[in-house]
Amino acid sequence: MKSVVSLEGIRKVYRMGEIEFEALKGVSLEINEGEMVALMGPSGSGKTTLMQIIGLLDRPSAGTYVLTGEDVTILTENERAEARNREIGFVFQAFHLLPRLSVLENVEVPLTYAGVAAPERRARALEVLEKVGLAGKEHHFPSQLSGGQKQRVAVARALTMRPAILLADEPTGNLDSKTAVDVMSLFQELNDEGTTVIIVTHEADIADYTGRIVRIRDGMLESDQPNRHRKRPVGGVA
Amino acid sequence: MNPARDVPQTHPAKPRSSLAGMNPLQVVSIAWRAILGNPLRSILTALGVIIGVAAVIALTGVGQGSTANITRSLESLGTNLLTVSSGSGFRGGPPGLVRGGPGQTITLKDAQAIQTQFASQIAGLAPVAQGGQQVKFGANNMNATIIGTWPAYASVRNAQPEKGSFFTEADNQGRKRVAVIGYQVAQDLFEGTDPIGQKIRIAGISFTVVGVLPDKGNSGFASPNSQILIPLSTYQQRLGRSNNRGEPTVSQVYVQGLDKNSLKDLQNAITDLMATRHKKTSPDDYDFNVQNQADALASVNQVTQTLTLFLGGVAGISLLVGGIGIMNIMLVSVTERTREIGIRKALGAKPRDILTQFLVESVVLSVGGGVLGILAGLGLARGVGNLLSITPVFSPSSILVAFLFSAVVGIFFGFYPASRAARLDPVESLRYE
């Protein structure tokens, strides 16, 4: 199996004036291509910090991070932005769509920053929108969509660049339980097609949809186990 | 096995400009939508620049228009003109401002001496004696400036009658009571009927109208439209004055040079002659004054240019204030859109992309304000021009400068907010509520 994320002794220290707070105290983790992993832990455990480091939004204070074979701890800010654009597809709890842009334009944003020309951008955006079941909604605006639809747009946006990992931070936190199941089965479907998915959650229900559960507590890895009773929703997603 | 990643990835990919896929039009359209997203605020923000640019355009337009007006009316009164007048000082002032009065020191003999001495170097010479008088025709009467002069006045001061003809040397020799009347005089006294051959009364003396001058416009100083020209000898017999030695005086002598280049030399030579004749050794003692029309034009131009520059400067300051307004709103906008910046960064925007986005937005705002300001300024100048009966003059360069200046204001005052946006930390901006 090809390693996608390889963390070695990752530490993160926050300094607030005089006070130092160590959010991660040396985390080592290996995630392979095609895995679907849940990062679990109570609030304050450091799982969000770990997600931000994996997502190249933040830098570790110490340790090495190799993303798809490249040491990303030494990258400049611009290179990190490029790697984020190319390798990471973010899905956030609060959807984080740009309200002034249409669905299609939202999905096109990462392609724009990658320098993809307009006709190809549009074609690829329409393709992923169809994949998440939102064909025909491309000219709607985020305010006209339901929560589940918004999160699908966010998933589509995360997929347009065909990233190495789909990184979802509490993706069902703002959704009702039925919609949450829909979104989780979408992730499962994408994972079945080979996409590496990392889901940060504090809900065991949600973690059950993944194939591997990594628990963080007090900035350290508490456990890392395969999920033998992986939940599969009935029916799945069109 | 991985259909989602079926496109071969070159890794690590070469960094390339992330703006390569965004043509400038698209960058502008993103900025434009952000501006339209808050139309009232955008208009209020741009208002500073609109007012600033409008003020610059209107003030310089009216200023240049009035300069052109004065220049034109001065030039319509004769070219290559020297004016010899009484008194010292007021060097460089507009000719014709020194009126007749008890202090007249130039005599008719001075004029004749200049005529004789420089016959080959001058195109024409016309001494002038003048004074205000009541003029009557039938029941109509008005106050007009009566000018006694020689027939050469017609060519020297560009006063060819539009109707009829100028009086002749014979009229002057014979002290004939004939008059060439200004445009306004003809309008006021004759109200549309033909004045030629009619008799008017100047200070109770009957004169026959032989010519009517064309409309010369209002120069602001002693308007030629309300003048009446009569032979100098007639004037001196009927209305004239003399100095304390009993020699008849004139208020000015107009001398027309042959060309522009020799005018300065002629001016000096006439000054020397006058100094000799008046027995003055030091320029401080001169009781006469030889003015060059070019000097007068230059001084008028200088006054209006200074005024235009001053007004333009005041307007420029308001443009600067407008720029500060843009900076203020852009800072607010960056704060409000912290989350958007975080999202864009998470999706791969580089600091430079964010910088460009906000910078373009402030430039679109200020340039949009600049364009509206130019239009408003053109309209304003027309309105003010109508009020002051000045045709505003817009040089393409002043419009271009105003436009570029507004763009520079946008870049200058947009840069700080934009660079603040570009430097925002993605983690913190995503967390921002």
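Predicted model only: the values in this text are computed from it and were never measured.

S.K.: What is the right way to read the sheet that holds strand S8 (residues 196–201) of chain A from this model?
M.R.: Note on sheets: strands pair through backbone hydrogen bonds, and any given pair is parallel or antiparallel. Residue and element names in this part refer to chain A. Sheet architecture is open: six strands sit in the order S6-S7-S8-S3-S9-S10, paired in mixed fashion. Strands at the two margins of the open sheet, each flanked by one partner only, are strand S6 (88–91) and strand S10 (220–226). On average, adjacent strands in this sheet sit at an angle of 20° to one another, irrespective of strand direction. Bridging between strand S9 (residues 212–217) and S10 involves six bridges; their strand directions are antiparallel. Counterpart to Arg215 in the pairing with S10 is Ser223. Seen against the sheet, helix H6 (residues 177–192) touches strand S3 (36–40), strand S7 (165–169) and S8 and runs at an angle of roughly 150° to S8.

S.K.: Where do I start with the environment of Glu33 of chain A in this structure?
M.R.: All names here are of chain A. Relative to the elements of secondary structure, Glu33 occurs in the loop between strand S2 (19–32) and S3. Between the C-alpha atom of Glu33 and that of Met1, which follows or precedes it by 32 residues, the distance is 6.6 Å. Leaving out residues up to four positions away in the same chain, Glu33 has contacts with Met1, Lys2, Val4 and Thr196.

S.K.: What is the right way to look at the confidence of the model for chain B in this model?
M.R.: For any part of a model where pLDDT is low, the fine detail of the predicted coordinates should not be relied upon. Residues and elements named next belong to chain B. Of the residues in chain B, 90% reach a pLDDT of 70 or more, and the chain-wide mean stands at 84. This stretch, residues 1–21, has a pLDDT under 50; its non-local contacts, to residues over four places away or in other chains, come to 38 contacts. Contacts of residues 89–102 to residues separated by more than four positions or lying in other chains number 29 contacts, the stretch itself having pLDDT below 50. Reported confidence for the predicted complex is 0.94 by ipTM and 0.73 by pTM.

S.K.: Would you take a moment to explain unusual backbone geometry for this structure?
M.R.: Leaving glycine aside, a negative phi is the common case for residues, and trans is the common case for peptide bonds. Residues and elements named next belong to chain B. Residue Glu191 is not a glycine yet carries a positive backbone phi of 45°. You can see Glu191 is positioned in the loop between helix H6 (183–190) and strand S6 (199–202). The class for Glu191 is exposed, based on 10 C-beta atoms found within 10 Å.

S.K.: It is not clear to me how the nonpolar core should be interpreted in this structure. Could you clarify?
M.R.: One broad trend across soluble globular proteins is that nonpolar side chains are buried collectively. Core analysis: the largest hydrophobic core is formed by 121 residues, its most contacted members being Leu39, Ala156, Leu167, Phe187 and Ile198 of chain A together with Val53 of chain B. By residue number, the principal contributor to this core is helix H2 (residues 39–75) of chain B, which donates twelve residues. Setting aside chain neighbours within four positions, we find Ala156 of chain A in contact with Val107, Val128, Leu129, Lys131, Val132 and Leu134 of chain A.

S.K.: Can you help me understand helix H1 (residues 24–36) of chain B in this one?
M.R.: Spacing of three or four residues puts side chains on the same side of an α-helix, whose turn is 3.6 residues. All names here are of chain B. With 13 residues, H1 should reach 18 Å at 1.5 Å per residue; the first-to-last C-alpha distance of 18 Å fits that figure. Among the residues making up H1, those that are buried are Ile30, Ala31, Ala34 and Ile35. One side of H1 carries all its buried residues, which in axial view fall inside an arc of 140°. Along H1, exposed side chains directed more than 90 degrees from the buried face belong to Leu25 and Leu36. On the buried face of H1, the contacting elements are H2 and helix H11 (351–388).

S.K.: I'm lost on the packing of helix H9 (residues 293–336) of chain B against H11 of chain B in this one. Help?
M.R.: Each packed pair of helices is defined by two parameters, the angle between the axes and the distance between the axes. Residues and elements named next belong to chain B. Contact pair H9 / H11: the axes reach a minimum separation of 11 Å and the direction vectors enclose 145°. As H9 packs across H11, the resulting crossing turns out to be right-handed. Seen from H9, the contacting residues are Gly322, Ile326, Met330 and Val334; seen from H11, they are Phe358, Ser362, Leu365, Ser366 and Gly369. The residue inventory of the contact of H9 with H11, partitioned by class, reads five nonpolar, four polar and no charged.

S.K.: Which parts of the structure should I look at to understand the pairing of strand S5 (residues 178–181) of chain B?
M.R.: Looking down a regular strand, the side chains alternate between one sheet face and the other. Residue and element names in this part refer to chain B. Burial along S5 is two-sided: the residues Val178 and Val180 and Ala179 and Ile181 are all buried. Judged from the four bridges that link them, S5 and strand S7 (residues 205–212) form a sheet pairing that is parallel. Within S7, the residue paired with Val180 across the bridge is Gly211. Strand direction decides the pairing type here: S5 and strand S8 (residues 227–231), joined by two bridges, are antiparallel. The residue bridging Val180 from the neighbouring strand is Leu229, located in S8.

S.K.: Just to check I follow, could you spell out the sheet that holds strand S1 (residues 3–16) of chain A for this structure?
M.R.: Taking strand neighbours across the sheet as the criterion, the four strands line up as S2-S1-S4-S5 (chain A) in an open arrangement whose pairing is antiparallel. Looking along the sheet, the strands with just one partner apiece sit at the ends: S2 and strand S5 (70–71) of chain A.

S.K.: In this structure, what is going on with helix H12 (residues 396–423) of chain B? I would like to understand it.
M.R.: Residue and element names in this part refer to chain B. For H12, spanning 28 residues, the distance from its first C-alpha to its last is 40 Å, which sits close to the expected 40 Å at 1.5 Å a residue. Along H12, the residues classified as buried are Ser398, Ala402, Phe405, Ser406, Val409, Gly410, Phe413, Gly414, Pro417, Ala418, Ala421 and Ala422. Of the surrounding secondary structure, the elements contacted by the buried residues of H12 are H2, H9, helix H10 (338–346) and H11.

Scoring rules and cut-offs
- Residues numbered from 1 in each chain as written.
- Chains lettered and ligands numbered in written order.
- Predicted model: local features only at pLDDT ≥ 70, side-chain atom pairs only at ≥ 80, totals over all residues.
- Pairing = 2+ DSSP bridges.
- Helix = DSSP H or I, 4+ residues; strand = E, 2+ residues; numbered from the N terminus.
- Axes fitted to C-alpha atoms, helices over the stretch in contact; angles between N-to-C directions.
- Contact = placed C-beta atoms within 7 Å.
- pLDDT = per-residue confidence, 0-100.
- Buried ≥ 20, exposed ≤ 12 C-beta atoms within 10 Å, placed from the backbone.
- Core = buried A, V, L, I, M, F, W, Y, C linked by C-beta atoms within 7 Å.
- Expected span 1.5 Å × (residues − 1).
- Arc of directions from axis to C-beta.
- Left-handed = near helix turned anticlockwise from the far one by under 90°.
- Nonpolar A, V, L, I, M, F, W, Y, C, P; charged D, E, K, R; others polar.

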